Amino acid sequence: MNSIPTYNEVLTLVQRLSYEDQTRLLKELRLLVYAPVAVEGTDEMVSAEEIAESEAALQDYRSGRDLGLSSEALKQKLFGKKIG
């Protein structure tokens, strides 16, 4: 039975690769990591960067580092004027 190699085992193997092979591997890994994700039930695709930014913003909000916007500030931002 084959076991999955550990991170350190993989890293050691990668470090043994030639520069050219390391570069090739990096390109392939970028395609895997940064592949866009389809939104279920729609034709919309969301990039991995957008997902990461959204997750970081949510974590900032949950931790209290970002208090968010008031409804009035959001209206001002969206519509450029006072509403209501």
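How each quantity is defined
Numbering of residues starts from 1 in each chain and follows the order in which that chain's sequence is written. Totals for whole chains, interfaces and linings use every residue, but because this is a predicted model, local features are given only for residues with pLDDT of at least 70 and side-chain atom pairs only at 80 or more, for both listing and counting. The basis for every side-chain value is the complete set of heavy atoms in the structure, and neither hydrogens nor water enter the calculation. Per the convention used, a helix needs a DSSP run of H or I reaching at least four residues, while a strand needs a run of E reaching at least two, with both numbered from the N terminus. Radius of gyration means the value over C-alpha atoms here, while the globule rule gives 2.2 Å times the residue count to the 0.38 power. In this scheme, a residue with accessible area under 20% of its type's maximum is buried, one over 50% is exposed, and one in between is partly exposed, where area comes from a 1.4 Å probe on protein chains only. To measure how exposed things are, a 1.4 Å probe is used in the Shrake-Rupley method; for residues, cover is taken only from the protein chains shown. We treat Lys and Arg as the positive residues and Asp and Glu as the negative residues; His and chain ends play no part in the count. For charged residues, the charge sits on one atom: NZ in Lys, CZ in Arg, CG in Asp, CD in Glu. The salt bridge definition used is simple: a Lys or Arg side-chain nitrogen within 4 Å of an Asp or Glu carboxyl oxygen. Like-charged residues are merged into a patch within 9 Å and nonpolar side chains (Val, Leu, Ile, Met, Phe, Trp, Tyr) within 5 Å, provided each residue has over 30% relative accessible area and no salt bridge. What pLDDT reports is the predictor's confidence in each residue, on a scale of 0 through 100. Only heavy atoms matter for contacts: two residues are in contact if any of them lie within 4.5 Å across the pair. Helices are assigned an expected span. That span is 1.5 Å times one less than the residue count.

**Student:** Run through the overall build of the protein, naming residues and quoting values.
**Tutor:** In terms of helices and strands, the protein carries four helices and two strands. In sequence order, the secondary structure elements of the protein are arranged as α-α-β-β-α-α. Scaling as 2.2 N^0.38, a compact globule of 84 residues should have a C-alpha radius of gyration of about 12 Å, whereas the protein reaches 21 Å, well beyond that. In terms of its C-alpha atoms, the protein occupies a principal-axis envelope of roughly 65 × 35 × 30 Å. Counting every position in the protein, which comprises 84 residues, the buried fraction comes to 2%. Accessible area for the protein stands at about 8000 Å²; split by element, carbon and sulfur atoms hold 57% of it. Taking the average location of the 10 positive side-chain charges in the protein and that of its 14 negative ones, the two points are 7 Å from each other.

**Student:** Could you give an account of the pattern of salt bridges, naming the residues involved and the relevant values?
**Tutor:** A full pass over the atoms with the stated rule returns three salt bridges. As a salt-bridge pair, Asp21 and Arg24 come within 3.3 Å of each other at their nearest N and O atoms. Here the residue Asp21 and the residue Arg24 both occupy positions in helix 2 (residues 19–33), the gap between them amounting to three residues, near one helical turn. By relative accessible area, which is 60% here, Arg24 ends up exposed. Linking Glu72 and Lys75 is a salt bridge whose minimum nitrogen-to-oxygen distance equals 3.7 Å.

**Student:** Any details on a nonpolar patch on the surface? Residues and values, ideally.
**Tutor:** Judged by side-chain polarity, Leu29, Leu32, Val33 and Tyr34 come together as a nonpolar surface patch covering roughly 450 Å² of accessible area. Within the element layout of this structure, Tyr34 appears in the loop between helix 2 and strand 1 (37–38).

**Student:** Quick one: what's the story with the confidence of the model for the protein, residue by residue and with numbers?
**Tutor:** Summarising the model, the protein shows a mean pLDDT of 89, and 94% of its residues fall at 70 or more. Mean pLDDT per element in the protein: helix 4 (residues 71–79) is the minimum at 87, and helix 1 (residues 7–16) is the maximum at 96.

**Student:** So what about the environment of Leu69? Which residues, and what values?
**Tutor:** Relative to the helices and strands, Leu69 is located in the loop between helix 3 (48–63) and helix 4. Residue Leu69 is classed as exposed on the basis of its relative accessible area, which comes to 53%. Spatially, the C-alpha atom of Leu69 lies 50 Å from that of Arg16, the residues being 53 residues apart in sequence. Other than its neighbours up to four places away in sequence, Leu69 contacts Leu74 and Lys77.

**Student:** Tell me about helix 3, and name the residues and values.
**Tutor:** Note on helix geometry: an α-helix contains 3.6 residues per turn, so any two residues three or four positions apart are oriented the same way. Taking 1.5 Å as the rise per residue, helix 3 with 16 residues should run 22 Å; its terminal C-alpha atoms sit 22 Å apart, in good agreement. The first or second residue beyond helix 3 is Gly64, which carries a positive phi of 90 degrees.

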